[in-house]
Amino acid sequence: MRISVIGTGYLGAVHAACMADIGHEVLGVDTDAQKIAALQDGHAPFFEPGLEEILVRALGSGKLRFSTSLQEAAGFADAHFICVGTPQLPGAAGADLSHIEAVVDGLAPYLTRDCLVIGKSTVPVGTAARLAARVAELAPAGAAAGLAWNPEFLREGFAVEDTLRPDRIVVGITSQTADVTLRAIYASVLELGTPYLTTDLPTAELVKVAANAFLATKISFINAVSNVCDAAGADVMTLADALGHDTRIGRRFLSAGLGFGGGCLSKDIRAFMARADELGVGDSLQFLREVDQINTGRRALAVEAARDLAGGSFAGRNVAVLGAAFKPDTDDVRDSPALDVARTIRAQGAVVRVHDPRATYNARRACPDLDYVEEAVKACEAADVVLHLTEWREYREIDPAELASVVRTPCLLDGRNVLPLGEWQAAGWTVRSLGGAIR
Ligand code: UDX
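Residues numbered from 1 in each chain as written. Predicted model: local features only at pLDDT ≥ 70, side-chain atom pairs only at ≥ 80, totals over all residues. Heavy atoms only, no water.

## Points about the overall build of the protein chain
Along the protein chain, the regular secondary structure elements total 19 helices and 14 strands. For 439 residues, the compact-globule estimate of 2.2 N^0.38 gives 22 Å, and the protein chain sits close to it at 23 Å. The C-alpha extent of the protein chain, read off along each of the three principal axes, is 70 × 50 × 40 Å. The buried share of the protein chain, reckoned over its 439 residues, is 53%. At a minimum sequence separation of 6, the contacts of the protein chain that also span at least 24 residues come to 72%. When the 41 positive and 55 negative side-chain charges of the protein chain are each reduced to one mean point, those points stand 1 Å apart. (Helix = DSSP H or I, 4+ residues; strand = E, 2+ residues; numbered from the N terminus. Rg over C-alpha atoms; globule rule 2.2 N^0.38 Å. Buried < 20%, exposed > 50% of the residue type's maximum accessible area, 1.4 Å probe, protein only. Contact = heavy atoms within 4.5 Å. Lys, Arg positive; Asp, Glu negative; His and termini not counted. Charge placed at Lys NZ, Arg CZ, Asp CG, Glu CD.)

Here it is, written out as structure tokens:
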């Protein structure tokens, strides 16, 4: 099928490359000409394992090309995926829908024949119905230009895998034709036995925000329990392992530590609460305010623990920060807990030296005041405190005895509860964790 993918941010770039990889003819569209030129040359605008390979393969096969023209997209494709961002509004909890509205207003007037517009962006419930009416009003094809909602559940770092082999496909539809089109688009994925759920537009929109709200709640739950573990001298990681064996609970998303960040969880729970307020059911999601507060509280807790380790004040202290990305295997620093902690400690007077295997470029742009270094060991030279804030694999391979010889004071805070703290202690380090006992 001929498909256009509009928006080449994280979601769009991955979706365009994957759709071409499973055999469709794809046109990727973005207003950013520089990004389009880079993609056309086979360069992904961010680090994502496996993406560049399928991008280059799809470009080489002639199945994928890029453009800045919505008019061209309308002429070319039978299905148009909208993958633009819906960030948090500045100074408010709700989502900024200006990009998605601009795409619909820009595309619809060119839709002169049967086609399906498919929303993938995360939106407040009710948006899809409003956009469907807008498409029908603006498109010369009228009702022959349909709209469906197909939320995306991909995780950064696993985005290609999650797109080609998803847990489930959810589609919000209002016609049989839309169902036929979507089944044809995902035919090869459905052949793998992937569950395919059809529903109405509002349910499809809500599945996505409810999934992210649940994941955020699970993380904040274990982080709240970790405070009790700290106070009682218990080990939250063993506790989480034990909980996880109960298949009703499951171990995933029960890792206590610095909490969640990134481009989705925080902004999605805030937008969910804002939309529930508008619908007059804000009280039902009151608990998400706690989830959010527990999460941001982890960052303050890490700063406090680091200050204790530094002797009660950061003035004149050198602090090494291992990790800047919001999680490993990505160069994304949006709402990164690690960078947030680094920034706060710098503001409290420390010299902060940051290392990250992939995210330094983005981190420097977001936080130019911090010092960035190319090697973890360089960040730790003459450090009074070392903070492990993003759990990249390479940090687990650090030899604590070797690192002890370069720091000024061997003090470590493991903000992610994955380092073998017993070994670090044996190598002379004073260690702290956020809820994990010394293992
Ligand atoms: C998330 C959802 O998982 C995905 O389905 C949705 O489409 C987009 O949002 P992503 O932002 O890529 O994906 O990150 P995810 O892997 O979910 O991690 C989110 C944050 O939670 C990270 O900062 C991570 O470090 C943190 N986390 C995760 C924990 O603190 N503890 C855990 O146990 C798991």
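## Some thoughts on the site of the ligand
Taken together, 20 residues are adjacent to the ligand, and F153, L154, E156, S255 and K327 come closest. One of the backbone nitrogen or oxygen atoms of E156 is found 2.7 Å away from an oxygen atom of the ligand. In isolation the ligand has 670 Å² of accessible area, and contact with the protein removes 91% of it. Counting residues per element, the shell around the ligand draws most heavily on helix α10 (residues 201-232), at 4 residues. (Near = heavy atom within 4 Å. Polar contact = N/O pair within 3.5 Å; in protein donor to acceptor, adjacent residues only side chain to side chain. Areas by Shrake-Rupley, 256 points an atom, 1.4 Å probe, with all protein chains shown as cover.)

## Some thoughts on helix α12 (residues 265-278)
Between its terminal C-alpha atoms α12 stretches 20 Å, which fits the 20 Å expected from 14 residues at 1.5 Å a residue. Looking only at α12, the buried set comprises L265, S266, K267, D268, I269, A271, F272, M273, A274 and A276. On its buried side, α12 packs onto α10 and α13 (286-309). Two residues or fewer past α12, G280 is found with a positive phi of approximately 80°. (Expected span 1.5 Å × (residues − 1).)

## Thoughts on the pairing of strand β7 (residues 169-172)
Residues I169 and V171 point to one face of β7 and V170 and G172 to the other, with burial holding for every one of them. Pairing geometry for β7 and strand β8 (residues 196-199), over 4 bridges, is parallel. When the bridges of β8 are listed, V171 appears paired with T198. (Pairing = 2+ DSSP bridges.)

## With respect to the packing of helix α1 (residues 10-21) against helix α3 (residues 51-61)
The geometry of α1 relative to α3 is characterised by a closest axis approach of 9 Å and an angle of 50° between their N-to-C directions. Classified by the angle their axes make, α1 and α3 are oblique. The two elements α1 and α3 cross, and the hand of that crossing is left-handed. Residues A13, V14, A17, C18, A20 and D21 of α1 touch α3, and the partners they reach there are L51, I54, L55, R57 and A58. Partitioned by chemical class, the residues of the contact of α1 with α3 number 9 nonpolar, no polar and 2 charged. (Axes fitted to C-alpha atoms, helices over the stretch in contact; angles between N-to-C directions. Parallel < 35°, antiparallel > 145°, perpendicular 65-115°, else oblique. Left-handed = near helix turned anticlockwise from the far one by under 90°. Nonpolar A, V, L, I, M, F, W, Y, C, P; charged D, E, K, R; others polar.)

## Observations regarding the packing of aromatic side chains
Inspection of every chain in the model, using the stated rule, returns 3 aromatic pairs. Their ring planes at 15° and their centres at 4.2 Å tell us that Y10 and F46 sit as a pair that is stacked. Of this pair, Y10 sits in helix α1 while F46 sits in the loop between α2 (33-40) and α3, and the two are 36 residues apart along the sequence. Of the two residues, Y10 and F46, both sit in the buried class. Here the aromatic rings of W424 and W429 are separated by 4.9 Å at their centres, their planes lie at 65°, and the arrangement is edge-to-face. We note that W424, like W429, is buried. (Phe/Tyr/Trp six-rings, centres within 6.5 Å; stacked < 30°, edge-to-face > 60°.)

## What about the packing of helix α5 (residues 98-107) against helix α6 (residues 127-138)?
At their nearest, the axes of α5 and α6 sit 9 Å apart, and the two run at 25° to each other. In terms of axis orientation, α5 runs roughly parallel to α6. Handedness of the crossing formed by α5 with α6: right-handed. Touching I100, E101, V104 and D105 of α5 are R130, L131, R134, V135 and L138, all from α6. Grouping the amino acids of the contact of α5 with α6 by side-chain chemistry returns 5 nonpolar, no polar and 4 charged.

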